[in-house]
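Summary of structural features
Spelled out from the first residue to the last, the chains are:
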Amino acid sequence: MSSRLVLLGSKGGPAIRPGGPWPTSSLLQIGGRTVVVDCGLGVTRGLTNASVALKTLDLIVITHLHSDHVLELGPLIHTAWTAGLSQPVRVFGPAGTRAYWQGFLQSMAFDIDIRIVDEGRPDLRALVEVIEFSEGEILSESGLTLSALRVDHPPVTDCFALRFDHAEGSVVFSSDTAYFPPLADFAKGADILVHEAMLAEGVDRLVARTGNGARLKEHLLASHSFAGEAAAIATAAGVGRLVLHHLIPADDPEISETDWIAATRKNWAGALTIAADGLVVKIADDSSV
Ligand SMILES: [Zn+2]
Ligand SMILES: [Zn+2]
């Protein structure tokens, strides 16, 4: 299996619209491992479309508990279980992830209990281990190291960028964050930086369409990064490729890939990918776009 990053769901925010992209989730296959980063709505379909057998799931990492990153965590694991999952799954997430999982199990107790008795399945409750993490190195095994950095995503305080390092390459996910210069050090020399991004000209139209105007705009500006800011982080970090992800807006017919590229090119001259659902990015591929 060659290492790859697949952007399963590429939009920022929880709303979905006809024909539009799905909220945030990614697949990272590196060093023979299959890692899911964030579980926004659509993650299960996205993994299946990326030809991942759900019963092989073993490692899931959640960057923060906003619903566009965690809403489908329980349903993903449950669906993997009904698809034949029999080995343990580890879920790394911020404080509160365990309570989410317990609540999910409780909400599905009828179905889980009946499938154990009726279909002879192993107990889902015993298959999942939730590990709540904070900053620093959170996993190191079989040549794969995972570390976390707290980023700036008010009012959420437990929101973490992630860095995966392996001999096959290194990939950093910004998670949701306002412009946050320490991220450049954290991402230093990585092959790929997956950074969230907003486009200024689309924000006003998005806010008008969504309906809670001023408050939403205030949140977006205080808690998220513009494409040019993501570009500045990529340049300071000297990464091999910048991937713009968690796009806001993601489904505005007046905004095309050309607009994202133009906004990014002000501060970034290197290899660039604008996320789309299902898009595959090779790790440590140095060809430019
Ligand atoms: Zn988000
Ligand atoms: Zn968020």
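Up top is the structure these notes are about.
Keep in mind that what you see is a predicted model, and the values were worked out from it rather than measured. (Residues numbered from 1 in each chain as written. Chains lettered and ligands numbered in written order. Predicted model: local features only at pLDDT ≥ 70, side-chain atom pairs only at ≥ 80, totals over all residues. Heavy atoms only, no water.)

Some thoughts on the sheet that holds strand β12 (residues 241–248)
Read across the sheet, 7 strands follow the order β7-β8-β9-β10-β11-β12-β13 without closing on themselves; strand pairing throughout is mixed. Two strands bound the open sheet, and with one partner strand each, they are β7 (136–141) and β13 (271–274). This sheet shows a mean twist of 20° between the axes of neighbouring strands, independent of strand direction. In the sheet, strand β8 (residues 144–150) pairs with strand β9 (residues 160–166) via 6 bridges, with the strands oriented antiparallel. (Pairing = 2+ DSSP bridges. Helix = DSSP H or I, 4+ residues; strand = E, 2+ residues; numbered from the N terminus. Axes fitted to C-alpha atoms, helices over the stretch in contact; angles between N-to-C directions.)

Some remarks on the packing of helix α3 (residues 73–82) against helix α5 (residues 109–119)
Their axes nearest at 12 Å, the elements α3 and α5 cross at an angle of 15°. One element, α3, and the other, α5, form an angle in the roughly parallel class. As for how α3 packs across α5, the hand of that crossing is left-handed. Between α3 and α5, the contacting residues are His78, Trp81 and Thr82 on the first element and Asp111, Ile112, Arg115 and Ile116 on the second. For the contact of α3 with α5, the class distribution of residues is 3 nonpolar, 2 polar and 2 charged. (Parallel < 35°, antiparallel > 145°, perpendicular 65-115°, else oblique. Left-handed = near helix turned anticlockwise from the far one by under 90°. Contact = heavy atoms within 4.5 Å. Nonpolar A, V, L, I, M, F, W, Y, C, P; charged D, E, K, R; others polar.)

Quick word on the environment of Arg115
Take Arg115: it is sitting in helix α5. A C-alpha to C-alpha distance of 46 Å links Arg115 and Ala208, two positions 93 residues apart in sequence. Setting aside anything within four residues of it in sequence, one finds Arg115 in contact with His78, Trp81, Thr82, Gly120 and Arg121. Within the structure, Arg115 has its side chain in polar contact with the side chain of Glu119 (distance 2.9 Å). (Polar contact = N/O pair within 3.5 Å; in protein donor to acceptor, adjacent residues only side chain to side chain.)

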